[in-house]
Amino acid sequence: MKKIYTLDDLTFDNRFVEQLPADSESHNICRQVMGACYSRVLPTPVREPKTIVVAREVANLLDLNEAIFTSDDFTRVFAGNRIAKGMQPYAMCYGGHQFGQWAGQLGDGRAINLGEVVNAKKEHWTLQLKGAGKTPYSRQSDGLAVLRSSVREFICSEAMAHLGVPTTRALSLVLTGEKVWRDMFYDGNGAYESGAIVCRVAPSFTRFGNFQIFSSRGEIELLKQLVDFTIRTDFPELGVPSAAVYLDWFSQVCLLTAQMVVHWQRVGFVHGVMNTDNMSILGLTIDYGPYGWMEDFNLKWTPNTTDGELKRYCFGNQPKMAFWNLAQLANAIYPLIGSAKSLQEILNDSYTQHFQHGWQGMMVEKLGLSRFQAETDDDLLSELTHLLQLTQTDMTLFYRQLAKVDFSAEFDTLNLSLLDEAYYTPTTLDNEYKKIRLVWLEKYYNRLRNEGISEVERVSRMNAVNPLYVPRNYLLQNAIDDANNGNYEEIHQLLEVFRSPYQENSRWVKYTQKRPAWANEKAGCSMLSCSS
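Below: a short report on this structure.

**Remarks on the overall build of the protein**
So, step 1. When helices and strands are counted, the protein shows 15 helices and 11 strands.
So, step 2. Its C-alpha atoms give the protein a radius of gyration of 24 Å, near enough to 24 Å, the size a compact globule of 532 residues would have.
So, step 3. Reported as C-alpha extents along the three principal axes, the dimensions of the protein are approximately 75 × 55 × 55 Å.
So, step 4. Taking as baseline every contact in the protein between residues at least 6 positions apart, the subset at least 24 positions apart corresponds to 73%.
So, step 5. Summed over its atoms, the accessible surface of the protein is roughly 21000 Å², and 49% of this surface lies on carbon and sulfur atoms.
So, step 6. Considering the protein, the positive charge centre built from 52 side chains and the negative charge centre built from 61 side chains are found 2 Å apart.

In structure tokens:
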């Protein structure tokens with residue numbers, strides 16, 4: 001396949017700006033944008049850009065030759081200092097519910113889409129700079145991003161992709177050479193931080209909120225234009241847009257969302273801010289803000305300080321919050337359909353049932369089983385969920401260590417000390433906990449015997465869906481601390497480690513370690529705010 005050596009040779013078709021109505025006001029000032037899907041806006045040039053890291057897998061999606069990564073032009077373009085041939089930068093208009101409350105117009109306040117690339121496979125990839133300056137949707141913000149949040153977004157986007165979780169991708173991380181004022185915890189202790197820009201890549205960055213804003217304003221013709229465009233470009237297999245196709249489309253969005261959340265629950269990812277403007281119409285994980293990795297298993301854990309009291313978006317609530325968000329999307333497109341009953345049925349069938357079946361199948365896969373059997377597995381899974389919360393249990397390590405226990409042996413001879421690695425305080429496990437654990441392990445043991453699965457097959461299945469290397473919060477913070485001191489080696493190392501999250505590597509033992517005590521209260525390792 002022919003590789004591209006200069007960014008001016010990329011092929012853009014820019015369907016979004018060519019086929020949908022633009023903002024009639026050309027001045028880049030913060031305002032309410034009416035009757036438009038987007039505003040044309042240029043990135044703000046920066047003083048001294050420097051490329052820190054590039055994800056070669058994402059570059060391959062764009063057919064870019066690796067030689068281009070070190071060029072000055074690559075840095076200039078993905079810092080927003082030059083617009084390559086064919087790019088038509090714009091920011092999208094959308095609204096959204098934030099923590100359950102309608103927030104009105106939101107929009108791309110710190111993101112600018114450069115354009116839509118068509119690669120040699122005829123795939124469409126939208127390039128978007130996050131942190132590239134003000135747009136008409138920036139409200140009181142400066143439209144910029146800082147290094148710490150940009151490192152988190154870059155690393156986690158790529159880690160999630162290699163974990164098999166539907167996600168937007170990240171091409172590059174560029175330092176801007178500018179200083180940005182941020183109050184990290186909104187407590188009056190602000191400071192200047194290094195500015196940075198991530199180039200995000202996805203087939204589309206359209207969100208639930210893109211449809212909500214037009215419905216809320218009664219701009220139904222514009223709503224129809226956007227829905228029809230989305231079906232034609234992102235769901236062409238559904239056919240020519242019509243009332244029936246709108247229902248099929250909503251059903252597909254429900255299914256994709258259910259699949260995404262099942263993956264979140266599988267790997268222990270907590271989004272932290274599941275507002276409707278952060279929900280992708282393609283079922284992609286989008287907007288890596290105050291996300292976190294659930295280390296010790298806790299259904300009530302949230303990484304977001306803003307959500308610390310109500311825990312609306314905690315790990316255990318993510319499935320029902322996705323349902324709630326889909327219900328808001330249903331409300332938004334109701335004017336095109338006129339049947340609340342049809343939309344409700346789809347919510348129950350295409351989301352609730354698909355999530356339930358997907359979750360059950362995923363959980364038995366994590367245990368190395370081939371299929372879900374309700375008569376035994378309902379209890380097996382509910383009791384496991386209870387067990388994991390009785391003491392601080394590292395979710396990632398529990399499943400990997402469970403795979404190491406040889407269940408072909410007699411039950412009384414199982415080497416249960418292998419599980420100790422998964423506990424934060426293994427020496428304090430009391431007899432009551434051990435008794436409950438033993439009861440569950442015996443049920444699991446008998447379930448394996450009834451299925452007749454070999455140990456080799458069980459271990460292979462478990463290690464294929466239970467990752468060993470995940471973006472633990474403290475690992476990312478270590479990389480951020482190094483980067484703030486001008487050392488970017490750990491960013492590159494984490495990117496390499498997370499390329500093979502399921503394959504054990506003796507050189508990477510330190511990346512499997514449980515959260516250290518010093519990280520329990522350290523900013524960035526336990527809780528985060530939306531500040532970026």
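**Looking at the nonpolar core**
So, step 1. Ranked by size, the top nonpolar core spans 172 residues in total, and within it Phe-78, Leu-127, Leu-171, Leu-367, Leu-402 and Ile-491 carry the most contacts.
So, step 2. If you tally residues by element for this core, the top one is helix H7 (residues 243-267), at 14 residues.
So, step 3. With residues up to four places along the chain from it excluded, the contact list for Leu-171 reads Val-53, Val-54, Ala-55, Val-58, Ala-59, Leu-62, Phe-74, Phe-78, Phe-154, Cys-199 and Val-201.

**Re the packing of aromatic side chains**
So, step 1. All told, the structure shown has 26 aromatic pairs when counted by the stated rule.
So, step 2. Here the aromatic rings of Phe-16 and Phe-229 are separated by 5.7 Å at their centres, their planes lie at 85°, and the arrangement is edge-to-face. Of this pair, Phe-16 sits in helix H1 (residues 15-19) while Phe-229 sits in helix H6 (residues 220-234), and the two are 213 residues apart along the sequence.
So, step 3. Residue class for Phe-16 comes out buried when judged on its relative accessible area of 4%.
So, step 4. Members of the aromatic cluster, each reached through a chain of ring pairs, are Trp-264, Phe-269, Tyr-288, Tyr-291 and Trp-293.
So, step 5. The ring of Tyr-291 is capped by Arg-152, whose NZ or CZ atom sits 4.0 Å from the centre of that ring.

**What about the pattern of salt bridges?**
So, step 1. For the structure on display, the rule yields 27 salt bridges.
So, step 2. With its nearest N and O atoms 2.1 Å apart, the salt bridge here joins Arg-31 to Asp-23.
So, step 3. Classification of Arg-31 by relative accessible area gives buried; the value is 18%.
So, step 4. On the basis of relative accessible area, Asp-23 is assigned to the buried category, the value being 13%.
So, step 5. The closest approach of N and O atoms between Arg-200 and Glu-153, which form a salt bridge, is 2.9 Å.

**A closer look at the side chain of Thr-176**
So, step 1. Tracing the backbone through its elements, the reader meets Thr-176 in strand E8 (residues 169-182).
So, step 2. Look at Thr-176 and you get buried, because its relative accessible area is 4%.

**A word on the pairing of strand E9 (residues 191-202)**
So, step 1. The buried fraction of E9 amounts to 10 of the 12 residues, a majority that puts the element mostly inside the structure.
So, step 2. Both strand E7 (residues 124-130) and E9 contribute to a ladder of five bridges, which runs antiparallel. The residue of E9 that forms the bridge with Gln-128 is Arg-200.

**Concerning unusual backbone geometry**
So, step 1. At Asn-14, a residue that is not glycine, the phi angle is positive and equals roughly 50°.
So, step 2. Here Asn-14 lies in the segment before H1.
So, step 3. For Asn-14, a relative accessible area of 2% gives the class buried.

**Some thoughts on the packing of helix H4 (residues 147-163) against helix H14 (residues 473-484)**
So, step 1. Interhelical geometry of H4 versus H14 gives an angle of 130° and a closest axis separation of 10 Å. In terms of their interaxial angle, H4 and H14 are classed as oblique. For the element pair H4 and H14, the recorded crossing hand is right-handed. Across from Leu-147, Arg-148, Val-151, Arg-152 and Ile-155 in H4, the residues of H14 making contact are Leu-476, Ile-480, Ala-483 and Asn-484.
So, step 2. Considered class by class, the residues forming the contact of H4 with H14 number six nonpolar, one polar and two charged.

**Focus on the pairing of strand E4 (residues 95-98)**
So, step 1. Across three bridges, the pairing between E4 and strand E5 (residues 101-105) is antiparallel. Residue Gln-98 lies in a different strand from E5, and its bridge partner there is Gln-101.

Thresholds, definitions, all that
- Residue indices begin from 1 for each chain and proceed along its sequence in written order.
- pLDDT decides what is reported in this predicted model: residues at 70 or higher carry local features, side-chain atom pairs at 80 or more are listed and counted, and totals for whole chains, interfaces and linings draw on all residues regardless.
- The basis for every side-chain value is the complete set of non-hydrogen atoms in the structure, without hydrogens or water.
- The numbering of helices and of strands both runs from the N terminus, where a helix is a DSSP run of H or I of at least 4 residues and a strand a run of E of at least 2.
- When we talk radius of gyration, it's over C-alpha atoms, and the globule rule is simply 2.2 Å times the number of residues to the 0.38.
- Any two residues having at least one pair of non-hydrogen atoms within 4.5 Å are treated as being in contact.
- Residue burial considers only the protein chains on display, and all accessible areas are found by Shrake-Rupley using a 1.4 Å probe.
- Counted as positive: Lys and Arg. Counted as negative: Asp and Glu. His and the chain ends are not counted at all.
- Taken as the charge centre is NZ of Lys, CZ of Arg, CG of Asp or CD of Glu, depending on the residue.
- Residue types Ala, Val, Leu, Ile, Met, Phe, Trp, Tyr and Cys, when buried and joined through side-chain atoms within 4.5 Å, form a set referred to as a nonpolar core.
- Residue burial is assigned from relative accessible area. The probe radius is 1.4 Å, only protein chains are included, and a residue is buried under 20% of its type maximum, exposed over 50%, and partly exposed in between.
- Side-chain rings of Phe, Tyr and Trp (the six-membered ring for Trp) are treated as a pair once their centres are within 6.5 Å; stacked means planes under 30 degrees apart, edge-to-face means over 60, and tilted covers the remaining angles.
- We count a charge as sitting over a ring when the NZ of a lysine or the CZ of an arginine lies within 6 Å of the ring centre and within 35 degrees of the ring normal.
- Throughout this description, the term salt bridge denotes a Lys or Arg side-chain nitrogen within 4 Å of a carboxyl oxygen of Asp or Glu.
- Only when DSSP finds a minimum of two bridges between them are two strands counted as paired.
- All axes here are fitted lines through C-alpha atoms, helices being fitted over the stretch that makes contact, and every angle between N-to-C directions spans 0 to 180 degrees.
- In what follows, roughly perpendicular refers to angles from 65 to 115 degrees, roughly parallel to angles under 35, roughly antiparallel to angles over 145, and oblique to any angle outside these ranges.
- Crossing handedness is defined as follows: a turn of the near helix away from the far one that is anticlockwise and smaller than a right angle gives a left-handed crossing, while the clockwise case is right-handed.
- Each residue is assigned to one class: nonpolar for Ala, Val, Leu, Ile, Met, Phe, Trp, Tyr, Cys and Pro, charged for Asp, Glu, Lys and Arg, and polar for all the others, Gly among them.

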